[in-house]
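The residues making up each chain are set out below.
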Amino acid sequence: MTDWFPETIPDDDDAAGGADAPAEDARGAEFVEVMPFDAGGKRYTYRVPAELAGKIAPGSLMRVPLGARVNDGVVWRLGAVPAAAWAKKVRDVAELRCGVPVLTPDALKLCEWISAYYAAPLNSVLLTLLPSVVRRGVRPVAEKRVALARELSPEALEKLRRRAKKQAALYDFLAEKKGAVLRSALPFSAAVVDALVLAGIAEESVSEKMRLAYDDEFEGGARGTAVAALPPELNAEQRAALDAICASIDEKKYRTHLLHGVTGSGKTEVYIGAVRKVLAEGGSAIFLVPEVALTPQTSSRLRERLADCATRIVVWHSNLSSGERHNAWMAAAKGEARLLIGARSAIFAPMRNLRLIVVDEEHEPSFKQSETPFYHGRDVAVFRAHLCGAVCVLGSATPSLESFYNAKIGKYALNRIEKRVDDRAFPPMKIVDMRREMLHAEGQTTFSRPLADALRERLERREQSILFLNRRGYSRALICPDCGHVIACPHCSAPLTYHRADELLRCHLCGHVEPAATRCPACGSANIRRRGFGTQRAEEILKHLFPDAVSVRLDADAMAKKNEFRKILGDFRAGKIDILLGTQMIAKGLDFPRVTLVGILDADLSLHVPDFRAAERTFQLLVQVAGRAGRGDLAGEVIVQTFTPSAAPIQFAKRADFDEFLEDELERRREFGYPPLRHVIRHVFRGNDALRVEETAERWAEFLENAAAGLFEIRGPAPCPTEKIQDNYRIHVWYFCENVVRASARLTELRAAFPQPEDVIDVIDVDPIDVG
């Protein structure tokens, strides 16, 4: 059996450059090594001019000459000494772009590891680590503040009241505030403010506006998360888990903890306790969530509970404005923010003295990057924790098989929380066999009779319900019953999804859009039929069945406006919505105490796909969605609709038997040599010419059989499950190996030596999540 990730952790002596490692001394550095962004991953030596001596450090953002151009780049190391013959020819650094390093020394080491592990070009990894908004900068937005310049005597103030009542009122307003007030927030006209400033009684200052994500009317209150002013008392299991994590933090050495807590067990309270300890000791922390949608709730809770920790808490993810992202990154780089909350890419933030990394819902596939470099945020978090000598906490009610296996073989410490908060009962799960429901169907078959009855009961009791369907649109396809033609995307080998709201057919792979057909494009028949259903169709039926209920659909199609997601969740929390229907964005992490019913409309969607992780994902999804019910004082219930009620993942989920499921699934993986027993590397070839792509993949496989015999097992080439995307035909080859770094290095060497046509592109995905 092979060790799973990370197999390439260096010895402690090789892990320098982390948060607690001493920074390189810039005082005597005459030369520096810089990696320009446009240099293809190459590093060049530059001389440090006298005016910049002592101001440059590893991770500094620079402008350097490269050929006839001046490029931006990052300082990789100090003290690079060129050969004596070249010393006089070394060019000077042109400019220091930022006063503080924008990457930490451990992030630079992390960059090199990601490149080696994921077989990705170093330059593309660097561009991923350092976001474009930081590389390019943003134009600062100025804001004006007004404060009292001097205190008036009682006589002078009385005179002002007689002469200028509004100016006196402004004086009183500022005196009460006891500090500078944003000018735009003053309830006085510009003329009144200018007059008081001109008189020297008030003074105006201009500073850069700090754009803080989620610092608005949706934060807290009716639209945010209701957070108790005092922390709840931890139960015995929570306390044991927190004590174990805190003991690892005290050791100031790398350690990964797998926190396996059932849904509703209060894992977040354990996270908060660990973060509080780190902040109190002057350290910093990163808190990763799997979905952008979860950041508002998480940031609201942590800001409320950690308000006394004397640090800024910032948010980082791709959906924020450029100004919000830039300010968050620089606040971390300057040490002003010691807790950063965000999605996958937040793991690269330049946190000083990084002592703790929390990865919530660590099992989620969204932590995996879907383009080069194909890094996994969870695994990168583990490795960065090692580089910094920090503690990494992986939390989930349904841990991934990889993390469970690492805990089983002793790589991770395992901490369990097996009871819900306040000993609340787990919601019973009822499995509805849709084959039988079809026999008794009267019209629609989207909602079974048990589910419809349960929804009606909740409405009568004024309780809330969540319905889950992981398919957008109205119908999954349009089909002609006369000739059997299915209207497909012209650019992908996938049917177009019908969206009734705008009468369009959309491809969810490439974004192609066309008007919904009224006649079959193959035979001209007007007898077009819709097959399958999505959230739009389910919403329509729901409103027909329960016209008096307030039901809202929450999916990517409904989130056109900024903050729409937060508004809907706020309304649901406030009890303004009876039934919330949504896709995977409502499946995990959200906490609504009034929800007593969860309905899963089609449990088979994730089960019958060509993916060795299909059973694991189905089990995780069922348990996670079911966990949204019964989190308050009222008992919950879960109803699952399926055409395969006897499937193992569904039966294990019904019993909430995590250990038995994982042992059963691990045995299946062992039989075929799948992860976590071995690593898998997926190599995809794509191009516009199907025959050329196939021929290239076959030549490569034959070339590899001879050049890398014994390094890994090769399976394929074979067409990808989705054979064509965006006019590119796709063939993949699979490699099963024991040591992924050795395999990745060899693959990189052989790719460089292989004569590949220019019109065929190949990408390597190490430890792939998406196999479509």
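Small disclaimer: the values here were computed from a predicted structure and weren't measured. (Residues numbered from 1 in each chain as written. Predicted model: local features only at pLDDT ≥ 70, side-chain atom pairs only at ≥ 80, totals over all residues. Heavy atoms only, no water.)

1. Notes on the overall build of the protein chain
The test is simple: Strands here mean DSSP runs of E at least two residues long; helices mean DSSP runs of H or I at least four residues long; both are numbered from the N terminus. When a residue's accessible area, from a 1.4 Å probe over protein chains only, is under 20% of the maximum for its type it is buried; when over 50% it is exposed; and in between it is partly exposed. Two residues qualify as a contact provided that any one of their heavy atoms is within 4.5 Å of a heavy atom in the partner residue. Values of accessible area rely on a 1.4 Å probe in the Shrake-Rupley scheme; residue burial ignores everything except the protein chains shown.
Looking only at helices and strands, the protein chain has 21 helices and 30 strands in total. The buried share of the protein chain, taken over its 772 residues, is 54%. Partitioning the intrachain contacts of the protein chain with sequence separation of at least 6 by distance along the chain shows that 76% fall at a separation of at least 24. Accessible surface, the protein chain: about 33800 Å² in total, of which carbon and sulfur atoms supply 49%.

2. Details of the sheet that holds strand E13 (residues 354–360)
Which entries qualify depends on this criterion: For two strands to pair, DSSP has to find at least two bridges joining them. All axes are obtained by fitting lines to C-alpha atoms, using only the stretch in contact for helices, and the reported angles, taken between N-to-C directions, cover 0 to 180 degrees.
A sheet is described by the order of its strands in space; here 7 strands give the open sequence E11-E12-E10-E13-E14-E9-E15, paired in parallel fashion. The two strands at the open ends of the sheet, each matched to only one other strand, are strand E11 (312–316) and strand E15 (413–417). When strand polarity is set aside, the average angle formed by the axes of neighbouring strands in this sheet is 15°. Here strand E10 (residues 284–288) runs beside E13; their pairing, made up of 5 bridges, is parallel. Following the sheet pairing, Ala-285 is matched in E13 by Leu-356. Across the face of the sheet, helix H12 (residues 401–408) comes into contact with strand E9 (255–261), strand E14 (391–396) and E15 while running at roughly 115° to E9.

3. A word on the pairing of strand E30 (residues 761–766)
With 5 of 6 residues buried, E30 is to be regarded as a mostly interior element. As defined by bridge partners, strand E27 (residues 679–687) adjoins E30 across 6 bridges and the pair is classed as antiparallel. Within E30, the residue paired with His-683 across the bridge is Ile-764.

4. Comments concerning the pairing of strand E16 (residues 429–433)
The buried fraction of E16 is high, at 4 of 5 residues. Inspection of the sheet shows E16 paired to strand E26 (residues 637–642) by 5 bridges, in the parallel sense. Pairing of Lys-430 across the sheet is with Ile-639, part of E26.

5. Structural notes on the packing of helix H18 (residues 648–655) against helix H19 (residues 658–672)
Using the following cut-off: Any angle between 65 and 115 degrees counts as roughly perpendicular, while under 35 counts as roughly parallel, over 145 as roughly antiparallel, and the rest as oblique. Residues are grouped as follows: nonpolar covers Ala, Val, Leu, Ile, Met, Phe, Trp, Tyr, Cys and Pro; charged covers Asp, Glu, Lys and Arg; every other residue, Gly included, is treated as polar.
Running from N to C, H18 and H19 point in directions that differ by 160°, and their axes come no closer than 10 Å. Here H18 lies roughly antiparallel to H19, going by the angle between them. Between H18 and H19, the contacting residues are Ala-648, Pro-649 and Phe-652 on the first element and Glu-660, Phe-661, Asp-664 and Arg-668 on the second. Taken together, the residues of the contact of H18 with H19 break down into 4 nonpolar, no polar and 3 charged.

6. Description of the side chain of Asp-604
Just so we agree on the cut-off: Counting rule for charge: Lys and Arg are taken as positive, Asp and Glu as negative, and neither His nor the chain ends is counted. In what follows, salt bridge is the name for a side-chain nitrogen of Lys or Arg lying within 4 Å of a carboxyl oxygen of Asp or Glu. For this analysis, a polar contact is any N or O atom pair within 3.5 Å, provided that within protein one partner can donate a hydrogen and the other can accept it, and provided that sequence-adjacent residues contribute only side-chain to side-chain pairs.
Checked against the element boundaries, Asp-604 lands in the loop between strand E25 (595–600) and helix H17 (614–626). Buried and unpaired, Asp-604 has no salt bridge, with Arg-435 as the nearest side chain of opposite charge at 8.4 Å. Within the structure, the side chain of Asp-604 is placed 2.6 Å from the side chain of Thr-642, a separation counted as a polar contact. Setting aside anything within four residues of it in sequence, one finds Asp-604 in contact with Thr-642, Phe-643, Thr-644 and Ile-650.

7. Comments concerning the packing of aromatic side chains
Counted only if it meets this: Between the rings of Phe, Tyr and Trp (Trp by its six-membered ring), a pair exists once the centres lie within 6.5 Å; its type follows the angle of the planes, with under 30 degrees stacked, over 60 edge-to-face, and the other angles tilted. Either the NZ atom of lysine or the CZ atom of arginine qualifies as a charge over a ring when it sits within 6 Å of the ring centre and within 35 degrees of the ring normal.
Within this structure, the stated rule accounts for 20 aromatic pairs. Ring pairs connect the aromatic residues Phe-404, Phe-619, Phe-652, Phe-658 and Phe-661, which therefore count as one cluster. Sitting above the plane of the Phe-37 ring, Arg-135 keeps its charged end 5.7 Å from the centroid. The residue whose ring lies beneath Arg-715 is Tyr-674, and the NZ or CZ to ring-centre distance is 5.7 Å.

8. Overview of the pattern of salt bridges
One pass over the structure, following the stated rule, counts 46 salt bridges. Residue Arg-715 pairs with Glu-713 through a salt bridge whose shortest N-O separation is 2.8 Å. For Arg-715, a relative accessible area of 27% puts it in the partly exposed group. Look at the salt bridges and you will find they share partners, linking Glu-457, Arg-458, Arg-461, Glu-463 and Glu-637 into a network.

9. Some points on the environment of Val-100
Locating Val-100 in the fold gives a position in the loop between strand E5 (95–96) and helix H1 (105–117). On the accessibility criterion, Val-100 (18% relative accessible area) is buried. Separated by 43 residues in sequence, Val-100 and Ala-57 place their C-alpha atoms 8.3 Å apart. In this structure, Val-100 is in contact with Met-330, Ala-333, Lys-334 and Arg-352, ignoring residues within four places of it in sequence.

10. A word on helix H15 (residues 535–545)
Within the sequence span of H15, burial applies to Thr-535, Gln-536, Ala-538, Glu-539, Ile-541 and Leu-542. Contacts from the buried residues of H15 go to helix H14 (449–460), strand E17 (464–468), strand E19 (497–499), strand E23 (551–554) and strand E24 (579–582).

11. Let's talk about the sheet that holds strand E21 (residues 513–515)
Here 3 strands make up an open sheet; going across it, the order is E19-E20-E21 and the pairing antiparallel. Strand pairing shows two members of the sheet lacking a second neighbour, E19 and E21, which therefore form its edges. Averaged over all neighbouring strand pairs, the angle between strand axes comes to 30°, with direction disregarded.

12. Here we look at unusual backbone geometry
Of the consecutive residues Thr-372 and Pro-373, the connecting peptide bond is found in the cis state with omega at -5°. At the junction of Gly-716 and Pro-717, the peptide bond is cis and its omega measures out at 10° in the coordinates. The residue Asn-353 is not glycine, and still its phi comes out positive at about 50°. Relative to the helices and strands, Asn-353 resides in the loop between strand E12 (337–342) and E13.

13. Description of the environment of Arg-529
In this fold, Arg-529 is placed in strand E22 (residues 529–531). For the pair Arg-529 and Pro-481, spaced 48 residues apart in the sequence, the C-alpha separation amounts to 7.1 Å. Excluding residues that lie within four positions of it along the chain, Arg-529 makes contacts with Ala-477, Leu-478, Ile-479 and Pro-481.

14. Some points on H12
Counting buried residues along H12, 7 of its 8 residues qualify, which places the element largely inside the surrounding structure. Within H12, the full set of buried residues consists of Leu-401, Glu-402, Ser-403, Phe-404, Tyr-405, Asn-406 and Ala-407. Downstream of H12 by a residue or two, Gly-410 has a phi angle that is positive, lying close to 95°.

15. So, the side chain of Thr-696
Among the secondary structure elements, Thr-696 is positioned in helix H20 (residues 690–707). Residue contacts for Thr-696: discarding those within four places in its chain leaves Phe-685, Phe-754, Gln-756, Pro-757 and Val-760.

16. As for the packing of H12 against H19
In contact at an axis separation of 11 Å, H12 and H19 are set at 95° when each is read in the N-to-C sense. Taken together, the axes of H12 and H19 are roughly perpendicular relative to one another. Taking contact as the criterion, the partners of Leu-401, Phe-404, Tyr-405 and Lys-408 in H12 are, on H19, Phe-658, Asp-659, Leu-662, Glu-663, Glu-665, Leu-666 and Arg-669. Partitioned by chemical class, the residues of the contact of H12 with H19 number 6 nonpolar, no polar and 5 charged.

17. Side note on the confidence of the model for the protein chain
For clarity, the threshold we go by: Values of pLDDT, ranging from 0 to 100, describe the predictor's confidence in every residue of the model.
The share of residues in the protein chain with pLDDT of 70 or more is 89%, and the mean pLDDT across the chain is 83. When the criterion is pLDDT under 50, residues 1–28 qualifies, and its contacts beyond four places in sequence or with other chains add up to 75 contacts. Predicted confidence for residues 216–229 stays below pLDDT 50, and this span has 32 contacts to residues more than four positions away or in other chains.

18. Thoughts on the environment of Tyr-375
The residue Tyr-375 is located in the loop between E13 and helix H11 (377–388) in this model. Sequence-wise, Tyr-375 and Asp-765 are 390 residues apart; in three dimensions their C-alpha atoms are separated by 8.4 Å. Ignoring sequence-local partners within four residues, the contact set of Tyr-375 consists of Ile-114, Tyr-118, Thr-128, Arg-344, Ser-345, Phe-348, Phe-367, Lys-368, Gln-369 and Val-380.

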